Amino acid sequence: METIRLTTAQALVRFLVHQYSERDGQEQRLIPGVWGIFGHGNVAGVGQALLQAAVTQEADLPYYLARNEQGMVHASVAYAKMRDRLATFACTASTGPGSTNMITGAALATTNRLPVLLLPSDMFATRAADPVLQQLEDTRGGDVTVNDAFRAVSKYFDRVSRPEQLIPAALAAMRVLTDPVETGAVTLALPQDVQAEAHDWPVSFFRRRVWHVGRPVPEPAAVERAAALLRSARKPLIVAGGGAVYSGAETTLRAFAEATGIPVADTHAGKGAVPWDHPYAVGGIGSTGSYAANALAQDADVVLGIGTRYSDFTTASHTVFGNPDVTFVNLNVARLDAVKHSAEPLVADARLGIQALAGALDGWEVEPSYRARSRELIARTREIEEGCFTVGHGPLPAQTEILGALNDVLDDRAVVINAAGSMPGDLQQLWRARDPKAYHVEYAYSCMGYEVAAGVGAKMADPSREVVVLVGDGSYLMMAQEIVTMVSEGLKVIVVLVQNHGFASIGALSQSLGSQRFGTKYRYRNGDSGRLDGDVLPVDLAANASSLGADVLHAASVEEFRAAMEKAKAATRTTVVHVETDLYGPNPPGHGWWDVPVGEVSALESTRSAYETYAAHKQNQRHYL
């Protein structure tokens, strides 16, 4: 057997270069590059291996420098989302805090079912120097390190304690990364001494490997059972989730809706699968869903879920599907999701599953009166949206007006990125996506700090698209430093920085739950009350963005915002458009509920009143059995 002598890190780099994914005959590099921040745990291991690969040109694996380890995971996840989970990055970090900084990103990736390869450095496998700098000493066992925290948030975890262990670990990692059912964060913990240790590797380990991402075919009997339920429906509704987008089922789904007349609601991950102005598109569903989608959901007798995991925001905490006899048909590549809500499961690729259902339902369609009902609800929804866009609020504009202007100035292929705060709720009702990649809202983990870093990954995934990071001041303050990365990599990204001097979403939620917006504003501590309710803090986020290397434009009104966006679109480098909005809204009208428990007893009248409202909503909550 032919062998080659390399360090473990050098072998890993050489292995990653030769991994490809393939679906429908289209091949691409599975791991096109490595993000990292070097420290003593990886600089002489993975760092040396990447340098050697670059200098000798023995392996084409570009290195990208991040400014925060969590940020580089977010960038990788955003890249994977844009590439339909067929490509992602590896992320290398040093021991201790460098590695644990990636845990939040790992949780985000796994929750969203998006692939990312994490390479946290670990303590000495030999324990020759023990304890080393940044080592956790655990009295329960000598083999416990901080990297064990990755186990709970990874779809696959392995610690490579000997060089030869890399072979099965690396192959298992690629298997999970390319499995639509199992994908998420994959973590290979690399002890710093093992990274530098040499081994005689079989040359065949480094051969070109193509990981075929299949399309599971639906079982004919399952198709017939699902079709029978749909044929019995008088008021069916489709809920399109991320699986409809990742499988490339958009055209098939639109044709299915047109042929059957079944209206299509969408989740955050599924928005854009059917264009917003399609005659059967009824908008977002659930806690922050549209008027049309939630009204149809209340009466739906059969719900066809396509590629959705049914989060509590999608089901409005199990209240949005109000028909006591509602049944579910779930088309999903993962059986975990296909059987939710006691559904008739159709375990298959979304595109192939829709095609099979279309064949089984050939000639069947909903009654004309139901089509007419959908049209009426859509028309009313459009009126609500326009009212939000043109509310004429002052002196500061409403956030909804900014979103309306943004809808107008961006083309259909522009990517809007968001994750947390009040904007996901506003966007789910108001964003008019016509392209499946135009709406990039991370809402499975709803992670503050995702947005700016994700802008880097999304732009790298498709440089031909305008990428617009839509971020509030709360998320910006969590993690804005990847603006430096945008600048250093020459990426043109527009960052729309909406400042309202507080946590607008949690503030409004707090008020509705009787907690009086406590602790949700950016204010000085008040010497009289002892609380953070003094004057507004003199924070200049625009100056901060400028100091990170971005060009900055200011807007004080909706008209100025439109003009600033046109300048930003014409720019050739990262540009931040700063606009202030009213912390208190107004926001779109609510058509759903979210279960956030309220104190059952309280000395505060506001909390007692909120509990009465909460208890009333709880009466509508149910299991779907």
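Below, the structure is looked at part by part. (Residues numbered from 1 in each chain as written. Predicted model: local features only at pLDDT ≥ 70, side-chain atom pairs only at ≥ 80, totals over all residues. Heavy atoms only, no water.)

### Thoughts on the overall build of the protein
- Check the secondary structure of the protein and you find 24 helices and 23 strands.
- Taken over the C-alpha trace, the protein has a radius of gyration of 25 Å; the compact-globule value for 625 residues is 25 Å, and the two agree within 12%.
- Viewed in the frame of its principal axes, the protein has a C-alpha envelope of about 70 × 70 × 55 Å.
- Across the 625 residues in the protein, those meeting the buried criterion constitute 58%. (Helix = DSSP H or I, 4+ residues; strand = E, 2+ residues; numbered from the N terminus. Rg over C-alpha atoms; globule rule 2.2 N^0.38 Å. Buried < 20%, exposed > 50% of the residue type's maximum accessible area, 1.4 Å probe, protein only.)

### Re the layout of surface pockets
- Roughly 1200 Å³ of volume is contained in the largest pocket.
- Contributing elements (two or more residues each) for the lining of the largest pocket: α17 (423-430), α19 (473-478), α21 (504-512) and α24 (605-618).
- Across the lining of the largest pocket, the residue classes break down as 22 nonpolar, 20 polar and four charged.
- Considering only enclosed or pocket space, the second largest pocket measures out at about 720 Å³ in volume.
- Lining of the second largest pocket is provided by 48 residues; of these, Gly242, Gly243, Ala269, Gly307 and Arg309 occupy positions nearest its centre.
- When residues of the lining of the second largest pocket are traced back to their parent elements, those giving at least two are α9 (242-246), α12 (312-315) and β16 (327-332). (1 Å grid on protein atoms, 1.4 Å probe; cavity = no way out; pocket = protein on both sides within 12 Å on 5 of 7 lines; lining within 4 Å. Points joined across faces, edges and corners; volume = space filled by probe spheres on them. Nonpolar A, V, L, I, M, F, W, Y, C, P; charged D, E, K, R; others polar.)

### Looking at the sheet that holds strand β18 (residues 415-418)
- The parallel open sheet is built from six strands, whose spatial order is β19-β18-β20-β21-β23-β22. A strand with exactly one partner marks an edge of an open sheet, and here the two such strands are β19 (439-441) and β22 (551-555). Mean inter-strand twist for the sheet, computed between neighbouring axes without regard to direction, equals 20°.
- Bridge count between strand β20 (residues 467-472) and strand β21 (residues 494-499): five bridges; the pairing is parallel. For Val468, the partnering residue across the bridge sits in β21 and is Ile494.
- Helix α18 (residues 450-461) contacts β18, β19 and β20 of the sheet and is inclined by roughly 175° relative to β20. (Pairing = 2+ DSSP bridges. Axes fitted to C-alpha atoms, helices over the stretch in contact; angles between N-to-C directions. Contact = heavy atoms within 4.5 Å.)

### Thoughts on the sheet that holds strand β7 (residues 116-122)
- As summarised here, the arrangement of the six strands in space is β5-β4-β6-β7-β9-β8, forming an open sheet in which the pairing is parallel. With partners counted over all chains shown, the strands left at the sheet margins are β5 (63-65) and β8 (156-159), one partner each. The average undirected angle you get between the axes of adjacent strands in this sheet is 20°.

### Quick look at empty space enclosed by the protein
- For the structure on display, the rule yields four cavities of 30 Å³ or more.
- The calculated volume of the largest cavity comes to roughly 130 Å³.
- Along its surface, the largest cavity is lined by 18 residues, and Lys271, Trp276, Gly283, Arg382 and Trp431 are the ones closest to its centre.
- Counting only elements with at least two residues in the lining of the largest cavity, the list comes to β14 (281-284), α15 (368-389) and α17.

### Brief notes about the packing of aromatic side chains
- Here the structure, examined in full by the defined rule, presents 17 aromatic pairs.
- Arranged with centres 4.7 Å apart and planes meeting at 15°, the rings of Phe15 and Phe205 form a pair that is stacked. You can see Phe15 sitting in helix α1 (residues 8-17) and its partner Phe205 sitting in the loop between β10 (198-202) and β11 (209-212), a full 190 residues away along the chain.
- Every member of this aromatic cluster is reached through a ring pair, and the members are Phe15, Trp201, Phe205 and Phe206.
- Of note, Arg14 hangs over the ring of Phe206, and the distance from its end group to the ring centre comes to 5.8 Å.
- It is Lys271 that lies over the ring of Tyr439; its NZ or CZ is 5.6 Å from the centre. (Phe/Tyr/Trp six-rings, centres within 6.5 Å; stacked < 30°, edge-to-face > 60°. Lys NZ or Arg CZ within 6 Å of the ring centre and 35° of its normal.)

### Considering the pattern of salt bridges
- What the rule picks out here adds up to 38 salt bridges.
- The residue Glu182 makes a salt bridge to Lys155 at a minimum N-O spacing of 3.7 Å. Taken together, the positions of Glu182 in the loop between α6 (166-177) and β9 (185-191) and Lys155 in the loop between β7 and β8 put the pair 27 residues apart, joining distant regions of the chain.
- We classify Glu182 as partly exposed; its relative accessible area is 32%.
- Across the pair Arg432 and Glu386 runs a salt bridge whose closest N-O atoms are separated by 3.1 Å. Of this pair, Arg432 sits in the loop between α17 and β19 while Glu386 sits in helix α15; the two residues are 46 residues apart in sequence, bridging distant segments of the chain. (Salt bridge = Lys/Arg side-chain N within 4 Å of Asp/Glu carboxyl O.)

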